[in-house]
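Read off the chains here:
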Amino acid sequence: MQIIYYADSGPVEQWLAELHTALPLADVRVWHEGDTAPADYAVVWKPPAAMLQHRADLKAIFNLGAGVDAILQLGDALPAGVPVVRLDDAGMAVQMADYVSHAVLRYFRRFDEFDAQARDHQWRFLKPRRKEDFSVGILGMGVLGARIAEVLLSLGFPVRSWSRSRKEIAGVQSHAGADELDDFLAQSQVLVCVLPLTPQTTGILDRNTLARLPKGAYLINVARGAHLVEQDLLDLLDEGHLGGATLDVFREEPLPSDHAFWNQPRITITPHISALTLRGDSVRQIAAKIKQMERGQPVAGLVDRTKGY
Ligand code: NDP
Ligand code: OXD
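Residues numbered from 1 in each chain as written. Chains lettered and ligands numbered in written order. Predicted model: local features only at pLDDT ≥ 70, side-chain atom pairs only at ≥ 80, totals over all residues. Heavy atoms only, no water.

Asker: Just give me the short version of the environment of aspartate 89, but keep the residues and values in it.
Answerer: Position of aspartate 89 relative to the elements: it lies in the loop between strand S5 (84-85) and helix H4 (92-108). Looking at aspartate 89, the relative accessible area reads 26%, which means it is partly exposed. The spatial distance from the C-alpha of aspartate 89 to the C-alpha of serine 282 is 8.9 Å, given a sequence separation of 193 residues. Polar side-chain contacts of aspartate 89 include one of 3.0 Å to the backbone nitrogen of alanine 93. (Helix = DSSP H or I, 4+ residues; strand = E, 2+ residues; numbered from the N terminus. Buried < 20%, exposed > 50% of the residue type's maximum accessible area, 1.4 Å probe, protein only. Polar contact = N/O pair within 3.5 Å; in protein donor to acceptor, adjacent residues only side chain to side chain.)

Asker: Provide a residue-level description of the site of ligand 2, including the pertinent values.
Answerer: Surrounding ligand 2, one finds Trp45, Gly65, Ala66, Gly67, Met92, Arg224, His272 and Ala275. Note that an oxygen atom of ligand 2 is positioned 2.8 Å from one of the side-chain N or O atoms of arginine 224. Protein contacts shield 88% of the accessible area of ligand 2, which totals 210 Å² for the unbound molecule. Grouping the amino acids of the shell around ligand 2 by side-chain chemistry returns four nonpolar, three polar and one charged. (Near = heavy atom within 4 Å. Areas by Shrake-Rupley, 256 points an atom, 1.4 Å probe, with all protein chains shown as cover. Nonpolar A, V, L, I, M, F, W, Y, C, P; charged D, E, K, R; others polar.)

Asker: Pulling in residues and values, what's your account of the pairing of strand S11 (residues 242-247)?
Answerer: Across the six residues that make up S11, a large majority, six, are buried. Bridge count between strand S10 (residues 217-221) and S11: five bridges; the pairing is parallel. By the bridge assignment for S11, alanine 217 is matched with leucine 242. Since S10 and S11 lie parallel, the crossover through helix H9 (residues 230-238) that links them has a hand, and here it is right-handed. The sheet contact formed by S11 and strand S12 (residues 267-269) spans three bridges and is parallel. Across the sheet, residue threonine 246 finds its bridge partner in S12, namely threonine 268. (Pairing = 2+ DSSP bridges. Right-handed = clockwise from strand over helix to strand, strands pointing away.)

Asker: Help me get a handle on the packing of H4 against helix H6 (residues 143-154), residues and values and all.
Answerer: To characterise two packed helices, one gives the angle between the axes of the helices and the distance between these axes. Close contact between H4 and H6 brings their axes to 8 Å; oriented N to C, the two are set at 50°. Accordingly, the angle class assigned to the pair H4 and H6 is oblique. Like other packed secondary-structure pairs, H4 and H6 cross with a definite hand, here right-handed. Taking contact as the criterion, the partners of Met92, Ala93, Val94, Met96, Ala97, Val100, Ser101 and Val104 in H4 are, on H6, Val143, Leu144, Arg147, Ile148, Val151 and Leu152. Grouping the amino acids of the contact of H4 with H6 by side-chain chemistry returns twelve nonpolar, one polar and one charged. (Axes fitted to C-alpha atoms, helices over the stretch in contact; angles between N-to-C directions. Parallel < 35°, antiparallel > 145°, perpendicular 65-115°, else oblique. Left-handed = near helix turned anticlockwise from the far one by under 90°. Contact = heavy atoms within 4.5 Å.)

Put into structure tokens, the structure is as follows:
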């Protein structure tokens with residue numbers, strides 16, 4: 001079995017070694033421009049079009065991340081009949097749930113405001129909030145959203161979700177489709193975005209959406225930078241409609257050093273670390289799926305190209 005590997009960053013030799021250990025009978029090689037030798041599977045992160053163009057011979061393309069926006073952007077360069085398989089949790093859900101719970105608790109316990117006061121040497125009591133008034137709305141209730149919801153519920157926060165299809169998750173109020181978005185937003189004191197980036201969700205965090213949140217609401221975006229219309233967020237923070245934002249993803253990454261977000265104290269910035277691709281978990285998952293495919297069995301995490309995720 002031949003496997004070609006490409007990632008735009010990361011320790012190539014270690015990925016290769018772990019893939020080889022997990023699939024000892026496979027011949028795993030790094031793909032280089034001009035390599036058109038036969039291959040059965042591709043394991044990729046942000047591959048160039050030249051790698052996958054004309055690769056109708058592949059049995060599957062494994063994406064080294066949950067989000068498939070970069071690979072689907074290849075459009076016609078992506079061979080039509082070849083299944084694309086994304087990472088399905090692979091250790092990311094627990095990281096995402098930690099990150100989001102931390103941000104929600106920070107806003108709930110007003111640590112953002114205490115930090116600001118401390119910078120001015122101010123010792124001042126701030127009225128505690130009540131959890132029942134601090135409802136968290138999660139945009140996207142897939143693999144990651146469901147885990148975030150579970151942890152927030154265990155912390156006692158009211159949780160609601162928005163997705164394309166309705167969900168039946170104990171304790172979570174499910175909203176589905178465009179018709180139910182306004183009602184969802186109006187009741188979300190914290191808005192968490194964990195949607196895939198598709199033509200329908202690009203720019204979804206704009207003034208129109210964010211202004212429908214209750215006054216003083218917070219935004220947590222851990223999905224993709226292009227969900228957010230950046231100037232709209234800055235304006236709504238300046239106008240006092242939003243209380244703060246925690247952003248892990250940006251339209252341009254790394255975030256340029258002169259970007260206005262760095263100067264807005266109500267924005268907390270992290271460098272796309274909310275859920276890292278873990279090599280061990282990812283290799284184990286991909287190797288298991290390759291074995292399933294070789295046995296003719298179905299695998300989880302198949303991307304529906306018409307939906308875009
Ligand atoms: P899933 O595919 O499991 O879940 C996606 C969810 O979004 C589903 O509930 C889906 O609805 C919903 N959805 C998609 N399109 C729409 C729409 N137009 N309207 C309403 N709901 C919609 O994805 P994951 O949970 O695994 O990952 C989500 C995203 O998180 C990834 O695509 C990636 O971009 C991002 N991510 C970011 C990371 C980081 O480090 N910052 C790390 C990992 C992922 P339905 O259930 O009805 O299909
Ligand atoms: C992903 C990411 O999509 O790390 O997995 O952003």
